[in-house]
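Residues per chain, in single letters:
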Amino acid sequence: MSDINSKNKTGTPSGPRRARPRRGATVEPELSHVGHVLPGVGLVPGVPAWRTTGTLSALQELVEVSETVPAVVARQAGLSTSELHSLRHLMRGPVGPVDLAKLLGVTSAASSGVVDRLVSRGHAERRPHPDDGRRTAVVITDSGRAEVLARMTPMFESLAALDATLDEHDREVVERYLRGATAAMRNLMA
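Computed from a predicted structure; not experimentally measured.

Notes on the pattern of salt bridges
Close approach of charged atoms lets side chains of opposite charge pair.
Here is step 1 of the chain: Using the criterion set out here, one finds 7 salt bridges in the structure.
Here is step 2 of the chain: Between E125 and R127 there is a salt bridge, with its nearest N and O atoms 2.8 Å apart.
Here is step 3 of the chain: For the salt bridge of R171 with D163, the shortest nitrogen-to-oxygen distance reads 3.2 Å.
Here is step 4 of the chain: Judged by its relative accessible area of 35%, D163 falls in the partly exposed class.
Here is step 5 of the chain: Here the salt bridges do not stand alone but share partners, grouping D163, E168 and R171 into one network.

Quick look at the pairing of strand β4 (residues 136–140)
Here is step 1 of the chain: Counting buried residues in β4 gives 4 out of 5 residues, a clear majority hidden from the surface.
Here is step 2 of the chain: With 5 bridges connecting them, strand β3 (residues 124–128) and β4 associate as antiparallel partners. Counterpart to P128 in the pairing with β4 is T136.

Side note on a nonpolar patch on the surface
Here is step 1 of the chain: Taken together, the side chains of L62, V174, Y177 and L178 make up a nonpolar region of the molecular surface, amounting to roughly 320 Å² of accessible area.
Here is step 2 of the chain: The element contributing the most residues to the nonpolar patch is helix α6 (residues 168–189), with 3 residues.
Here is step 3 of the chain: Relative to the elements of secondary structure, V174 occurs in helix α6.
Here is step 4 of the chain: Residue class for V174 comes out partly exposed when judged on its relative accessible area of 36%.

What counts, and at which threshold
- Residues numbered from 1 in each chain as written.
- Predicted model: local features only at pLDDT ≥ 70, side-chain atom pairs only at ≥ 80, totals over all residues.
- Heavy atoms only, no water.
- Salt bridge = Lys/Arg side-chain N within 4 Å of Asp/Glu carboxyl O.
- Buried < 20%, exposed > 50% of the residue type's maximum accessible area, 1.4 Å probe, protein only.
- Helix = DSSP H or I, 4+ residues; strand = E, 2+ residues; numbered from the N terminus.
- Pairing = 2+ DSSP bridges.
- Patch = residues over 30% accessible without salt bridge, like charges linked within 9 Å, V, L, I, M, F, W, Y side chains within 5 Å.
- Areas by Shrake-Rupley, 256 points an atom, 1.4 Å probe, with all protein chains shown as cover.

Structure representation (structure tokens):
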């Protein structure tokens, strides 16, 4: 779980189960080294200029919700999260088993088990690779595509409706912010 804005009054970690500020809630102020209250400042260790804002709180909430969505959707569909992620990748086109393992961040053996389960449910098929008869390609079936779309379409429709409420200027600002946030997170993986 990521936690970019939860700290207690003294500025020390609050333990393994951190309380997330509720929407619209304010963060407790921290005392400076001379005892003055610094509202919303320095609540991240080593980042004294950190200010918890509505946008950062909303971003934190988005990150936390996005971490839980795959498990919930997979459970509703009777799939594992690896199976759901596999179907999501396969919706973009056929993928070789080794490439699918890399996309999932698992071993080839684990990926093969995921594909076996998807094939047994009728959600995917193994087919000869179109360019190399020695290789195999995993392809999503209509059943697999329908399963993903049935679960995800309501979210996509809501996001499209939300996006439609933005004018071009708002859309540019939101895109710049989200791309910057994505870059900041990717820097951790570099």
